[in-house]
Amino acid sequence: MNKSYYKSLNVSYIKGKHKLEILENNFREIKKNEVLVKVKYSSLNYKDALSITGKTRITRKETLIPGLDLSGTIVKSNSKKFKKGEKVLASGAGLGELINGGFTEYSYVPEDVLVRIPKNLSQIDTMRLGTAGFTAAIAIEKMILNKQDKRSGPILITGATGGVGSISLSILSKLGYETIALTRKKSSIKYLKSLGANQILHFEKKTNNKILSPKIFGGAIDNIGGEVLDWIIKSTKDNGNIVSIGMACDSNLKTTVFPLIMRGVNILGISSTNYKGNRQKIWDILSNKYKPKNLNVINKESIGLNDISKYSKNLLLGKNTGRIIIKMY
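Residues numbered from 1 in each chain as written. Predicted model: local features only at pLDDT ≥ 70, side-chain atom pairs only at ≥ 80, totals over all residues. Heavy atoms only, no water.

**A short note on the sheet that holds strand S2 (residues 17–26)**
Pairing in this open sheet of 3 strands is antiparallel, and the strands run S2-S1-S4 from one edge to the other. Of all strands in the sheet, those bounded by a partner on one side alone are S2 and strand S4 (63–64). Direction of pairing for strand S1 (residues 5–14) relative to S4: antiparallel, over a ladder of 2 bridges. Of the residues in S4, the one forming a bridge with Ser12 is Thr63. (Pairing = 2+ DSSP bridges. Helix = DSSP H or I, 4+ residues; strand = E, 2+ residues; numbered from the N terminus.)

**Let's talk about helix H7 (residues 279–286)**
Regarding H7, the residues found buried are Arg279, Ile282, Trp283, Ile285 and Leu286. Down the axis of H7, the smallest arc covering the buried residues is 155°, so these residues share one side. Where H7 is buried, its residues contact strand S6 (87–91), strand S8 (115–116), helix H2 (123–145) and helix H3 (163–175). The residue sitting at the N-terminus of H7 and contributing the capping side-chain oxygen is Asn278; that oxygen lies 3.0 Å from the backbone nitrogen of Gln280. (Buried < 20%, exposed > 50% of the residue type's maximum accessible area, 1.4 Å probe, protein only. Arc of directions from axis to C-beta. Contact = heavy atoms within 4.5 Å. Polar contact = N/O pair within 3.5 Å; in protein donor to acceptor, adjacent residues only side chain to side chain.)

**A closer look at the environment of Thr56**
By the element assignment, Thr56 lies in the loop between helix H1 (46–53) and S4. Residue classification places Thr56 among the partly exposed positions, given a relative accessible area of 31%. Residue contacts for Thr56: discarding those within four places in its chain leaves Tyr13, Leu50 and Ser51.

**Thoughts on the layout of surface pockets**
If you add up the space inside the largest pocket, you get close to 1100 Å³. Lining the largest pocket are 42 residues; nearest its centre among them are Tyr46, Asn223, Gly246, Met247 and Ala248. At the level of elements, H1, H2, H3, strand S10 (179–183), helix H9 (308–316) and strand S16 (323–327) are the ones that each hand at least two residues to the lining of the largest pocket. Of the residues contributing to the lining of the largest pocket, the split by class is 18 nonpolar, 18 polar and 6 charged. Considering only enclosed or pocket space, the second largest pocket measures out at about 350 Å³ in volume. Per-element accounting of the lining of the second largest pocket gives the leading share, 4 residues, to strand S7 (residues 106–110). Tallied by class, residues from the lining of the second largest pocket come to 8 nonpolar, 7 polar and 4 charged. (1 Å grid on protein atoms, 1.4 Å probe; cavity = no way out; pocket = protein on both sides within 12 Å on 5 of 7 lines; lining within 4 Å. Points joined across faces, edges and corners; volume = space filled by probe spheres on them. Nonpolar A, V, L, I, M, F, W, Y, C, P; charged D, E, K, R; others polar.)

Below is the structure:
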């Protein structure tokens, strides 16, 4: 390392007041079971945008580097599991929430959240996937584990132009599932079809006071929440699986138990932060069986640390499509 300091984007809440700034940090000694990663890429997630703008407090500490994702090269190691020179990534697992995240030139990372980059993925590919890809993969794995049948009908993906939605569409299409994309962006029809959407629905609030609706969906991956999730639950076929991932529209859910007790509909929850399975295994699956054919379509833009605030605001306004990469060097 030739530098005497490194830059990072920091979010702080001092006396409850949100502050965003780029800082110059001094290097420190590496702790036991920790490595120092020279970060090459990160990516911008919905949670990151909430943290950056201060719309919702994501960080659990007074000051923290945001960023759920990072990929790079180990430049120092105090770990028996990882050595200097290895290409690694980290996603979710508390980054940007409980520990310093990926919006930095260098990151001190605990060994238990690191993953070796699989041979079939480049460093930039891992961030084109990132927490969004990891989340999509564990959602689909959970649906399949719960016996989601391709013959049961189409899988609805809400917030389909976002990171999780885009990657979910691509993976499900690759696996042979029929898919329906729900979006508010009429300009994104070509994009969604390129990811494998068989049908596209225009987003609108789906208020419905009936206890059950006609059976439409075999299952769903929902990034929206609120009234739309209620509509999905009421409209899912017998024994279908719905994975609840996000709350882009509303965190509240008003529904009834009737779809559960009359149709056997399953509502599944996942968290990339609290995932207790083998992260390396999921990334290995993402590098092979689940690897989207069109990662370069899902990621169209690369930005720097100085651009994150602007793009975070656009993301929360629904102006972004696919994945945004942050390039450190």
